[in-house]
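Each chain, letter by letter, is given below.
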Amino acid sequence: MNNCQKELPTHIHKPTFTIMKKQYLLPAMALVIFACKEKPKDEPMEESKPLQDEVIVYEEYMREEPTDPEATEFYEPKVPVVTPGVNGTPPSDALVLFDGSNLDGWITSKDSTAAKWHLNKDKSMTVNDKTGDIQTKQNFGDIQLHIEWQSPKEINGEGQHRGNSGIFLDGLYEVQVLDQNDNPTYVNGQVGSIYKQHVPLAMASVPTGEWNVYDIIYHAPKFNEAGGKIKSGTITVLQNGVLIQDHVEIKGTTPYIGWPKNPPHGEGPLMLQDHGDNSRVGYRNIWIREL
Ligand code: MG
């Protein structure tokens, strides 16, 4: 006989049990069943640790509760002062990659010769069909990127062949540029997609022929010495002020055919795509802030 089979609780005596009223009998039985279900005391209780592990605890806030407001205020480190730009002009700490004056900071990706895209009087550049992708001479890691792009006013082609270009972070990960207005295509390759990886949260393009703005936050993936990826990169994109990619995980390269791959790399260039089908996309006002 174990503990659970022994006796009724001490305040319920046998003689009384037989004449017990129904309203007392049921709660008493429930109490006995509950008592019998309890584990014997010598067995350890199951720990709720796995659940506890999921709870975020801020050790610094576990100390004694402050009563003075100054105890929760600090003055270091000093925050750098950045003068913001006006109407898309760069902030004071930005590195300007293209301001319309020349293409000196850019080369043709396939052979490292001078970039052959068209430089326009309105301080923009336009894809020079089939001359190839262009990229910055300089390499970067994590960046905040501001870039403006324009689909050609004259509509030409359908689907992926209408105003297709792309912005390749580290030269590998494409944020799609496409004239999507009244132009359906696969959604993971539409304007604002991380090509074939992440569908954008919204389609926020301006009318064809007007200037779109992408503001992009890019954190590069990290690789160990053996070349294995140990931390995924992330991309956030705002198109014309609308969040369209929210800190999404880069799963690898963004090829037209095949799965994403994860070749190890360090800092890389910013690359702009010549889609090779007379897409004639324009770019202007390109600047970054290194993070
Ligand atoms: Mg593209």
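Just so we're clear, the structure is a prediction, and the values are computed from it rather than from any experiment.

## Thoughts on the nonpolar core
Residues Trp106, Tyr214, Ile235, Tyr283 and Ile286 are the most contacted members of the largest nonpolar core, which totals 37 residues. Among the elements that take part in this core, strand β6 (residues 143-150) stands out by supplying 4 residues, more than any other.

## Overview of the coordination of the magnesium ion
Coordination sphere of the magnesium ion, protein contribution only: Asn164 (OD1), Ser165 (O), Glu174 (OE), Gln176 (OE1) and Gln273 (OE1), at 2.2 to 2.3 Å. Written as a sequence motif, the donor arrangement for the magnesium ion is N-S-x8-E-x1-Q-x96-Q. With Gln176 in strand β8 (residues 173-177) and Gln273 in the loop between β14 (271-272) and β15 (282-290), this residue pair connects regions lying 97 residues apart in the sequence.

## Here's the deal with a nonpolar patch on the surface
A cluster of nonpolar residues, Val55, Val57 and Met62, forms a patch on the protein surface that exposes about 280 Å² of accessible area. Counting through the fold element by element, Val57 comes out in the loop between α3 (49-53) and β1 (95-98). By relative accessible area, Val57 is classed as partly exposed at 41%.

## Topic: the packing of aromatic side chains
Under the counting rule described, the total for this entry stands at 5 aromatic pairs. Each ring, one from Tyr173 and one from Tyr218, has its centre 6.3 Å from the other, and the planes form 40°; the classification is tilted. Pair noted here: Tyr173 is in strand β8 and Tyr218 is in strand β9 (residues 211-219), with a separation of 45 residues, a long-range link. We note that Tyr173, like Tyr218, is buried.

## Comments concerning the pattern of salt bridges
Close approach of charged atoms allows side chains of opposite charge to pair. This structure, assessed with the given rule, holds 4 salt bridges. Asp93 serves as the salt-bridge partner of Arg289, at 2.8 Å between the closest nitrogen and oxygen. With Arg289 in strand β15 and Asp93 in the loop between α3 and β1, the pair connects residues that are 196 residues apart, well separated along the chain. Assessed through its relative accessible area of 36%, Asp93 is described here as partly exposed.

About the thresholds
As a convention, each chain's residues are numbered from 1 in the sequence order in which they are written. The predicted nature of this model means local features are confined to residues of pLDDT at least 70 and side-chain atom pairs, given and counted, to a pLDDT of 80 or more, with totals for whole chains, interfaces and linings taken over all residues. With hydrogens and water set aside, each side-chain value is computed from the structure's full complement of heavy atoms. Nonpolar cores are built from buried Ala, Val, Leu, Ile, Met, Phe, Trp, Tyr and Cys residues. Side-chain atoms within 4.5 Å join them into one set. The cut-offs for exposure are 20% and 50% of the maximum accessible area for each residue type, with area from a 1.4 Å probe on protein chains only; residues under the lower value are buried, those over the upper are exposed, and the others partly exposed. Working definition: helices are DSSP H or I runs of at least four residues, strands are E runs of at least two. Numbering for both runs from the N terminus. Donors, by definition, are the N, O and S atoms found within 2.8 Å of a metal, the threshold being 3.2 Å for Na, K and Ca, and water is not counted, so a site can look incomplete. In this analysis, a patch consists of residues with relative accessible area above 30% that form no salt bridge, clustered at 9 Å for like charges and at 5 Å for the nonpolar side chains Val, Leu, Ile, Met, Phe, Trp and Tyr. Throughout, the Shrake-Rupley method with a 1.4 Å probe supplies accessible areas, and for residues the shown protein chains are the sole cover considered. We count a salt bridge whenever a side-chain nitrogen from Lys or Arg sits within 4 Å of a carboxyl oxygen from Asp or Glu. Any two rings among Phe, Tyr and Trp, with Trp reduced to its six-membered ring, count as a pair given centres within 6.5 Å; such a pair is stacked if its planes are under 30 degrees apart, edge-to-face if over 60, and tilted if neither.

Everything listed is a geometric property; what it means functionally is a separate question.
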